[in-house]
Structure formats: structure tokens, C-alpha cells
Amino acid sequence: MTINKQNLRPHHFISQVDLEITPPDHDVIYVGMGCFWGAERLFWQLPGVYSTAVGYTGGDTLNPNYKEVCTGTTNHVEVVKVVFNPTLISLETVLHSFWQNHNPTQGMRQGNDIGTQYRSVIYTNSEQQQLIAEETQQQYQTALEKQGINAPITTEILPINIFYFAEEYHQQYLAKNPDGYCGLDGTGACFL
């Protein structure tokens, strides 16, 4: 379920597509990998991704806002809603970008960003997505170990509950503010 309580501008800043519509034959996955600004830019640049939006999910309260999420008391995580065309880009390819562009072994943080809202997560829409996410997690754990990184992956992989759109100024933030903060930093381990 998706909730838009922010009176969000209905269109993607770059592609101008409606943020609340998933076209037929498209799929949606939700990923959190630290601050959602850089993560969203990563995914909107992938060929086959139809749209992206940022928001909050995985928490304990209804209708969170950014200020509340940043307190760490709501247990929400900053995520990117990725709408993609599976005939143009596979879920595996989307998830390869997810795994390789952050450090999924850091628990409740990414680099200098610390708190529950920055944890590594994948929220799925189906049993098939859940299986693929778990398979790519196992594959990436092996890739990390081959790179000499023996820390276990802490990424949460669960079915999506409720996705709340973040405030309008967060949507496609790095397109509106090209010199804005981007905390993405991978481990250097790649899928083989």
C-alpha cells in the first residue's frame, strides 16, 4: 500500500511520469541503502527503470514525516520506490546495483549516516521477489568474502507493508540540487 499524505507533486521531476502510477507489466521494489537522495539517483539512471520516488516504510507509526523519522523513534527507514519494466531490466540487475553501491554489513548506518532510517533493506511485493532478493544476498555475501570482507550482511528482506511518500522537496533531490549530499559508497565487491 502506498500513501501520499504530502500533497506530493504528482510527476517525476526528470521524466514527468506520474509517481503514483505503475504501468501494466511493470514491477515495483523498495530499497533502502542509507540516505535516499543518492540511492534514488542511482536507480533513476538505470535503463528500464520507469520511475523512482523516495519515502518511508518499515516503521511503527502512521504517517511519519522526515523530522519524526530522523529522531529514530519511529523505526522507519528511508527507501526508494523503484518502478521498472522487467522486459528491459531484470530484478536481479536492479538488486545488483543495490548490493554493489552501499555497504550492506553496517547495520543501522551507512558511513557517517547513523540511525534506524539508514539501515539496509529490501521490501518486496511477492514471494518471487523475496526469493530473488534472498538469492542475490547469498551471492553478494560470497562476493564480499572473496574480496576479504567477512562481515555478515545485515540487510533486512521483508514484504512491503505501507510506503509513505516523503516530502516533495526530497523527491529527485539530486536532480534539483546537483551539488547536494550523496553518501553512496560501496565495498568494492562485485558480482562475478
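Placed above this text is the structure.
Here we summarise the structure given alongside this text.

Each value, and the rule that gives it
- Residues numbered from 1 in each chain as written.
- Predicted model: local features only at pLDDT ≥ 70, side-chain atom pairs only at ≥ 80, totals over all residues.
- Heavy atoms only, no water.
- Buried < 20%, exposed > 50% of the residue type's maximum accessible area, 1.4 Å probe, protein only.
- Helix = DSSP H or I, 4+ residues; strand = E, 2+ residues; numbered from the N terminus.
- Contact = heavy atoms within 4.5 Å.
- Pairing = 2+ DSSP bridges.
- Salt bridge = Lys/Arg side-chain N within 4 Å of Asp/Glu carboxyl O.
- Core = buried A, V, L, I, M, F, W, Y, C linked by side-chain atoms within 4.5 Å.

1. Quick look at helix H1 (residues 36-44)
Taken across its nine residues, H1 has eight buried, putting it largely inside the fold. The complete set of buried residues in H1 reads Phe36, Trp37, Gly38, Ala39, Glu40, Leu42, Phe43 and Trp44. Close packing links the buried residues of H1 with strand E2 (27-33), strand E3 (49-57), strand E4 (77-84), helix H3 (91-100) and helix H5 (173-176).

2. Structural notes on unusual backbone geometry
If you check the backbone angles, Asn63 has positive phi at about 50 degrees while not being a glycine. Counting through the fold element by element, Asn63 comes out in the loop between E3 and helix H2 (66-70). Although it is not a glycine, Gln172 adopts a positive phi angle of roughly 50 degrees. As for its placement among the helices and strands, Gln172 is situated in the loop between strand E9 (163-165) and H5.

3. Some points on the environment of Leu42
Within the secondary structure, Leu42 sits in helix H1. The class of Leu42 is buried, set by a relative accessible area of 16%. Those residues in contact with Leu42 that sit more than four places away from it in its chain are Met33, Ser97, Asn101 and Leu184.

4. What about the pairing of E2?
Among the seven residues in E2, six count as buried, and that is most of the element. As paired elements, E2 and E4 share five bridges and run antiparallel to each other. Residue pairing for E4: Ile29 is matched across the bridge by Val82. Relative to strand E7 (residues 120-124), E2 runs antiparallel, the two being bridged by four bridges. The partner of Gly32 across the bridge, within E7, is Val121.

5. Considerations on H3
Within the sequence span of H3, burial applies to Leu91, Val94, Leu95, Ser97, Phe98 and Trp99. Looking at the buried side of H3, the elements it contacts are E2, H1, E4, E7, helix H4 (127-146) and strand E8 (156-159).

6. Brief notes about the pattern of salt bridges
With the rule as written, the count across this model stands at two salt bridges. The partner of Glu156 in a salt bridge is Arg119, with the nearest N and O atoms 3.0 Å apart. Of this pair, Glu156 sits in strand E8 while Arg119 sits in the loop between strand E6 (113-114) and E7; the two residues are 37 residues apart in sequence, bridging distant segments of the chain. Here Arg119 falls in the buried class, since its relative accessible area comes to 4%. Among the ionic pairs, Glu168 bridges to Lys176, the shortest N-O distance being 3.0 Å.

7. Points about the environment of Leu158
With respect to the helices, strands and loops of the structure, Leu158 is situated in strand E8. Relative accessible area serves as the criterion here: at 38%, Leu158 is assigned to the partly exposed category. C-alpha separation for the pair Leu158 and Gln129, spaced 29 residues apart in sequence, amounts to 9.8 Å. If sequence neighbours within four positions are ignored, Leu158 has contacts with Ile122, Tyr123, Thr124 and Gln130.

8. Concerning the nonpolar core
The biggest cluster of nonpolar side chains holds 38 residues, and the ones touching the most others in it are Val31, Phe43, Val82, Leu95, Trp99 and Ile122. Secondary structure elements with two or more residues in this core: E2, H1, E3, E4, H3, H4 and H5. Broken down by element, the residue count for this core peaks at six residues, all from H1. If sequence neighbours within four positions are ignored, Leu95 has contacts with Val31, Ile122, Ile132, Ala133 and Thr136. Membership of the second largest hydrophobic core comes to twelve residues, among which are Ala53, Val77, Val83 and Phe165.

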